[in-house]
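Spelled out, the chains give:
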Amino acid sequence: MEFNHVSVLLNECMEGLSIRPDGIYVDGTLGGAGHGYHVCRRLSGNGRFVGIDQDAAAVKVSEERLKEFGDKVTIVKSNYVHMKQILADIGIDKVDGILLDLGVSSYQLDTPERGFSYKTDAPLDMRMDQERITTAKDIVNHYEEERLYEMIKWYGEERYARNIARRIVQKRQENEIRTTGELVGIIRDSMPAKAKNGKGHPAKRTFQAIRIELNQELSVLEDSLEDMVSLLNDGGRLCIITFHSLEDRIVKNFFRKKERPCTCPPDFPVCVCGKKPEGRVVTRKPILPGEDEQRENKRSKSAKLRIFEKISPTDKN
């Protein structure tokens, strides 16, 4: 099927990046180049764009969509956790803006064989990088019950994590759990009627947990933030779109720490720890999609955009 992904908070991201025509910009989650295309349209002169994605399908489509911009564009199949090395390899040490859209693409959700969706019956896969060996099926069939429980509880924030983990272990002793449909049935059977018939799909949180665990999404984010700030030129912007509270909390706390790194007790008259701010948080509250966008793209409803700006030492208060 066609790689289709509606870019969330598109105008807000373009404004947030504060794009200069001759600047250098990186999209660490390129997808179908929805955001990337609009960044490239704003570049001229020595402007450059680097797109990174671990999904081979995304890379292929993006290369086609961005070919009109010629040598201004570099696309790399990799995980954004390697951004600093990727840029060094192509002779870039500083950039003017970085964008991350941490959501699963519509293409990934709507392609049944990718196994991301709980709405269609398909092989349990969920790999963002299909060159990986481990799949969601391996997690579901081989994790010990306690590990499944912790994963579903913390990454899925699922109230019935204990019941779900226990039933997964029981069912896989009978037969290997191979498909998303089988897993959805197990999850439903683990919940009281009120929960499985309530608002939202009963499998949503468990599927989220497995996907996060398999693709190491939170650890990749945590391991990348420091490098991304260090890559920014003075005045450069880091824009991150999150889709669930775990990611948003990581980003919010990291930005706050970079703006206010002082560890001195509040009653100290002057700072003695020596830690200096590296920038400012542009978004005191996250930017949310407007009503029109939420109506036109239901998957945008949980999106939150946070922006951090690198500030030179002479500009810091």
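K.L.:
What should I look at first to understand the layout of surface pockets in this one?
P.N.:
Over the atoms, a rolled probe matching the size of one water molecule traces out where space is still vacant. Considering only enclosed or pocket space, the largest pocket measures out at about 1500 Å³ in volume. In terms of lining, the largest pocket is formed by 49 residues, of which the most central are Tyr 118, Lys 204, Gln 208, Phe 243 and Ser 302. For the lining of the largest pocket, the secondary-structure elements that each account for two or more residues are α5 (106-110), α10 (193-196), α11 (204-215) and α13 (245-259). Of the residues assigned to the lining of the largest pocket, the class counts are 17 nonpolar, 16 polar and 16 charged.

K.L.:
What am I meant to see in the side chain of Gln 208 here?
P.N.:
In this fold, Gln 208 is placed in helix α11. Aside from chain neighbours lying at most four places away, what touches Gln 208 is Tyr 155, Gly 156 and His 244.

K.L.:
Can you help me understand the packing of aromatic side chains in this one?
P.N.:
Each aromatic ring pair is summarised here by two numbers: the centre-to-centre distance and the angle between the ring planes. Counted under the stated rule, the structure contains four aromatic pairs. Judged by centre distance (5.7 Å) and plane angle (90 degrees), the rings of Tyr 118 and Phe 207 are edge-to-face. With Tyr 118 in the loop between α5 and α6 (136-142) and Phe 207 in helix α11, this pair connects stretches of sequence that are 89 residues apart. Phe 207 gets classed as buried once you look at its relative accessible area, which sits at 3%. Between Phe 254 and Phe 255, the aromatic rings sit 6.4 Å apart at their centres with planes inclined by 55 degrees, giving tilted as the arrangement.

K.L.:
Whenever I open this one, a positive patch on the surface confuses me. Can you help?
P.N.:
Residues Lys 119, Lys 199, Lys 204, Arg 205, Lys 298 and Lys 301 make up a contiguous surface patch of positive charge. Checked against the element boundaries, Arg 205 lands in helix α11. On the basis of relative accessibility, which here comes to 41%, the residue Arg 205 falls in the partly exposed class.

K.L.:
I keep staring at the nonpolar core and nothing clicks. Help me out?
P.N.:
If you look at the biggest cluster of nonpolar residues, it comprises 31 residues, and the most contacted ones within it are Met 83, Val 95, Ile 98 and Leu 238. Among the elements of the structure, β1 (24-27), β2 (48-53), α4 (83-89), β4 (95-101), α12 (217-231), β5 (232-242) and α13 are those that each provide at least two residues to this core. Among the elements that make up this core, the one with the highest residue count is α12 (seven residues). Those residues in contact with Leu 238 that sit more than four places away from it in its chain are Ile 98, Leu 225, Met 228, Val 229, Leu 232, Phe 255, Arg 306, Ile 307 and Phe 308.

K.L.:
Got a minute to help me understand helix α2 (residues 34-41) in this structure?
P.N.:
Helical periodicity: at 3.6 residues per turn, an α-helix aligns residues three or four positions apart in one direction. Turning to α2, its buried residues are His 35, Gly 36, Val 39 and Cys 40. Taken around the axis of α2, the buried residues stretch over an arc of 135 degrees, which confines them to a single face. Elements in contact with the buried residues of α2: α1 (10-17), β1, β2, β3 (73-77), β4 and β5.

K.L.:
What is the right way to look at the sheet that holds strand β7 (residues 304-310) in this model?
P.N.:
Strands belonging to one sheet form pairs held by backbone hydrogen bonds; the direction of such a pair is parallel or antiparallel. Strand order in the open sheet made by the seven strands is β3-β2-β1-β4-β5-β7-β6, with mixed pairing throughout. For this open sheet the edge positions go to β3 and β6 (279-281), each flanked by a neighbour on one side alone. The mean inter-strand angle of the sheet, taken between neighbouring strand axes irrespective of direction, is 15 degrees. Relative to β2, β1 runs parallel, the two being bridged by four bridges.

Here is what the cut-offs are and how they apply
- Residues numbered from 1 in each chain as written.
- Predicted model: local features only at pLDDT ≥ 70, side-chain atom pairs only at ≥ 80, totals over all residues.
- Heavy atoms only, no water.
- 1 Å grid on protein atoms, 1.4 Å probe; cavity = no way out; pocket = protein on both sides within 12 Å on 5 of 7 lines; lining within 4 Å.
- Points joined across faces, edges and corners; volume = space filled by probe spheres on them.
- Helix = DSSP H or I, 4+ residues; strand = E, 2+ residues; numbered from the N terminus.
- Nonpolar A, V, L, I, M, F, W, Y, C, P; charged D, E, K, R; others polar.
- Contact = heavy atoms within 4.5 Å.
- Phe/Tyr/Trp six-rings, centres within 6.5 Å; stacked < 30°, edge-to-face > 60°.
- Buried < 20%, exposed > 50% of the residue type's maximum accessible area, 1.4 Å probe, protein only.
- Patch = residues over 30% accessible without salt bridge, like charges linked within 9 Å, V, L, I, M, F, W, Y side chains within 5 Å.
- Areas by Shrake-Rupley, 256 points an atom, 1.4 Å probe, with all protein chains shown as cover.
- Salt bridge = Lys/Arg side-chain N within 4 Å of Asp/Glu carboxyl O.
- Lys, Arg positive; Asp, Glu negative; His and termini not counted.
- Charge placed at Lys NZ, Arg CZ, Asp CG, Glu CD.
- Core = buried A, V, L, I, M, F, W, Y, C linked by side-chain atoms within 4.5 Å.
- Arc of directions from axis to C-beta.
- Pairing = 2+ DSSP bridges.
- Axes fitted to C-alpha atoms, helices over the stretch in contact; angles between N-to-C directions.

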